[in-house]
Every structure is written in structure tokens, then in C-alpha cells.
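Descriptive analysis of the structure
As a plain string of letters, each chain reads:
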Amino acid sequence: MEAFPVINMEKLNGEERAATMGKIRDACENWGFFELVNHGISLEQMDAVERSTKAHYKKCMEQRFKELVEAKALEGVETEIKDMDWESTFFLRHLPASNVADFPDLDHEYKKVMKDFASKLQKLAEELLDLLCENLGLEKGYLKKAFHGSKGPNFGTKVSNYPPCPKPDLVKGLRAHTDAGGIILLFQDDTVSGLQLLKDGRWVDVPPMRHSIVVNLGDQLEVITNGRYKSVLHRVVTQTVGTRMSIASFYNPGNDAVIYPATALLEKEAADQKDQVYPKFVFDDYMKLYAGLKFQAKEPRFEAMKKFEVATA
């Protein structure tokens, strides 16, 4: 199998730009995932985020997770657990309004580090969306505008830790799913692996790489590109040794954003006799459906959204 796609963003600024854009296009069409290096976020800032996240887990969350495992008698399970994940997690919302005040156990320094990191990730997400526009032949800013709605995008960060698991064959860190939203930027542990994606019927490891950002595409980009780019099933497998850190930031459409295949793409595809495959819907309606069906196949979700289809203006 070919190597996992790694994109050096510095090469976008020189004579290798066309080849690098080609690598991004191939990754979007054939993987739904790629890994970024030289992405513009300083190594010192990433190290500060990692230190603070791991210290917060040790201080505030590790014992809680152990108590949960004990309360549910999970260490003694003999059959596969299919209704929960082996993870300790919390979600920081940045846009349209911050929820950081809801987490009193986050110290001032950690809040500052995460706020600064989120600001850099938002900028990177929007830069990536414009690169996708360029590859798709859409006008610059099209995807950002499509996500905007009336109040701007939803942007938030899921901070997760995956502790050692005594029964990795019976418990997943995170069950297989596609992401509901737009574009996802992940800062993951570089020493403890676990993230896998499904490609050509096989589970493939997403390689831990120090100071990289892993990018994957959500369901909404599949809809907007009329299936040219696809969201991909992925999961986290547990390990017997080591706690894996995962900081995943989701740049998603605003709640009232209307999502549908880009007209410019449909016009191009009409010449190839390819029809519009995906419905037109309000993002929040999709999220309400997704909440109960996250760990099921995405195709029935898209089909179900036809009942909520928004009339074309």
C-alpha cells in the first residue's frame, strides 16, 4: 500500500507548489486524511500545549477515569464492549462563543495556551479550505463562506486522553465513525499510536509524527464536493502501555448554514452526465441526526436528510 500522505506546507511557496497541490488533491480524493509538516505553528507553542494537556490530565482527570473503570468493572470484561469508548475527554468551544468558563479546573495558563493554539488552528483551517477551493476550481473563500451561516462557523477542540487498556482487543479507544462537520485538525501524541483509518477495506495506522498536524475531511465537505472528496471511517485502538494524547479541532459550519453541492462543481459534472448525489440541508438538522447515528454508516444519514431538504432559492 502507498505511503500515508505527508504535505510539507513550505513547498507551497516555491517551484514545488503545483506538485504539492497535487499531493493535497490526491490525499483528499483517495485518503480523506493527510499529515502537515512546516504548517506555521511554532514547535514551542505545540510543546507548551502538550505539556499543559498532559499535566491537566494527570492532575484532574486520570483518577476520575480510573474510578469510572472501577465502577463499571471494565477491567474484567470478557466480551467486546460496543456501547462506550476508552477515553477521557472534554470539549472546548471557541466559536461562535467560548465555553472555557465552564471548566473551573483549567488553570489560567492552560486556558491561555489553548486560546492561542486555537487561534492559530482557525487560521490554518481557513488556509486549508482555500487550498481545497483552488484544487476544486472554486473561487477563493467559497468554502469559508459556505460554512459561515449567520453567526460564523462552529469551531471547537476535543481534548482526549486514551489511557492504557488491559483488554485492547475488547474495548476501542473510540469506535469507528466519520466526522460530521467540515475540516478537522489533529495534534496527536508522537509516542503512543492508535489512530487508524479505513482504506480499501483495510485499517491503516495514521503515523505519529512529532509536531505534525493531521487533517481529515468531514461529511459536509463530501456533500459540498458532491462526493469528489469523501469523509473516511476512522477509529482509535487502545494500547496496553502509554496514555495517548489527542487534541482534535473541528472547523464546522454554523448551525444555520445551508449545505449543498457547489453549483460550480455540478455544472462541470453535468457535462460528464454526473447528477447531484447529495441533498441540500441545514447543518444543525444534520447534527441532530448524527448525534444518534455517529457510529453507523454515513450513507443512510445522507439519505435521511432528503426528508429535511431545503428548497433551492
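Please refer to the structure higher up on the page.
Residues numbered from 1 in each chain as written. Predicted model: local features only at pLDDT ≥ 70, side-chain atom pairs only at ≥ 80, totals over all residues. Heavy atoms only, no water.

Details of the pattern of salt bridges
Under the convention used in this document: Between Lys or Arg on one side and Asp or Glu on the other, a salt bridge is scored when a side-chain nitrogen of the former is within 4 Å of a carboxyl oxygen of the latter. Going along the chain from the N terminus, every DSSP run of H or I of four or more residues is numbered as a helix, and every run of E of two or more is numbered as a strand.
Summed over all chains, the structure comprises 19 salt bridges. A salt bridge links Glu-78 to Lys-167, with the shortest nitrogen-to-oxygen separation between them at 3.8 Å. Of the two residues, Glu-78 is situated in the loop between helix H2 (43-71) and strand E3 (88-95) and Lys-167 in the loop between strand E4 (154-162) and strand E5 (172-177); the sequence distance between them amounts to 89 residues. Three or more residues are tied together by salt bridges with common partners; here these are Asp-47, Glu-50, Lys-54, Asp-189, Asp-190 and Arg-210.

Section: the sheet that holds strand E10 (residues 234-237)
Spelled out, the test is: A pair of strands is labelled paired if DSSP reports no fewer than 2 bridges between them. Between the N-to-C directions of two axes lies an angle of 0 to 180 degrees, each axis being a line fitted to C-alpha atoms and, for a helix, fitted only over the stretch in contact.
Taken in spatial order, the 4 strands make up an open sheet running E5-E10-E7-E8, and their pairing is antiparallel. The two strands at the open ends of the sheet, each matched to only one other strand, are E5 and strand E8 (202-205). Within this sheet the neighbouring strands show an average axis-to-axis angle of 30°, counted without direction. By the bridge criterion, 3 bridges tie strand E7 (residues 195-199) to E10 in an arrangement that is antiparallel. When the sheet's bridge partners are listed, Leu-195 is paired in E10 with Val-236.

With respect to the packing of helix H1 (residues 17-30) against helix H3 (residues 108-136)
The following threshold applies: Roughly parallel means an angle under 35 degrees; roughly antiparallel means over 145; roughly perpendicular covers 65 to 115; every other angle is labelled oblique. Should any heavy atoms of two residues lie within 4.5 Å, those residues are considered in contact. Under this grouping Gly is polar, as are all residues other than the nonpolar Ala, Val, Leu, Ile, Met, Phe, Trp, Tyr, Cys and Pro and the charged Asp, Glu, Lys and Arg.
Interhelical geometry of H1 versus H3 gives an angle of 95° and a closest axis separation of 10 Å. In terms of axis orientation, H1 runs roughly perpendicular to H3. Contacts between H1 and H3 pair Arg-17, Met-21, Ile-24, Arg-25 and Cys-28 from the former with Leu-131, Leu-132, Glu-134 and Asn-135 from the latter. Of the residues belonging to the contact of H1 with H3, the class tally is 5 nonpolar, 1 polar and 3 charged.

Some remarks on the pairing of strand E11 (residues 244-252)
Selection rule: Partly exposed residues are those whose accessible area sits between 20% and 50% of the maximum for their type, while under 20% is buried and over 50% is exposed, using a 1.4 Å probe and protein chains only.
Within E11, 9 of the 9 residues are buried, which leaves the element mostly enclosed by the surrounding structure. The sheet contact formed by E4 and E11 spans 9 bridges and is antiparallel. Looking at E11, one finds that Tyr-162 is bridged to Arg-244. Inspection of the sheet shows strand E6 (residues 183-188) paired to E11 by 6 bridges, in the antiparallel sense. Directly across from Leu-185, in E11, lies its bridge partner Ser-249.

A look at unusual backbone geometry
The amide bond that connects Leu-95 to the next residue, Pro-96, takes the cis arrangement and shows omega of 5°. In this structure, Pro-96 sits in the loop between E3 and H3. A positive phi angle is found at Asp-200, which is not glycine, with a value near 55°. Within the secondary structure layout, Asp-200 lies in the loop between E7 and E8. Of the residues examined, Asp-200 reaches a relative accessible area of 63% and is grouped as exposed. A positive phi angle, close to 55°, is found at Asn-226, a residue other than glycine. Relative to the elements of secondary structure, Asn-226 occurs in the loop between helix H5 (219-224) and E10. Overall, the relative accessible area of 1% leaves Asn-226 in the buried class.

Things to note about the pairing of E10
Along E10, one buried face is formed by His-234 and Val-236 and the opposite face, lined by Arg-235 and Val-237, is buried too. Looking at chain direction, E5 and E10 are connected through 3 bridges and run antiparallel. When the sheet's bridge partners are listed, His-177 is paired in E10 with His-234.

Examining the sheet that holds strand E1 (residues 6-8)
Strands sit in the order E1-E2-E9-E6-E11-E4-E3 across an open sheet of 7 strands; the sheet is mixed. Strands with a single pairing partner mark the edges of an open sheet, and in this sheet they are E1 and E3. Averaged over neighbouring strand pairs, the angle between their axes works out to 25° when direction is ignored.

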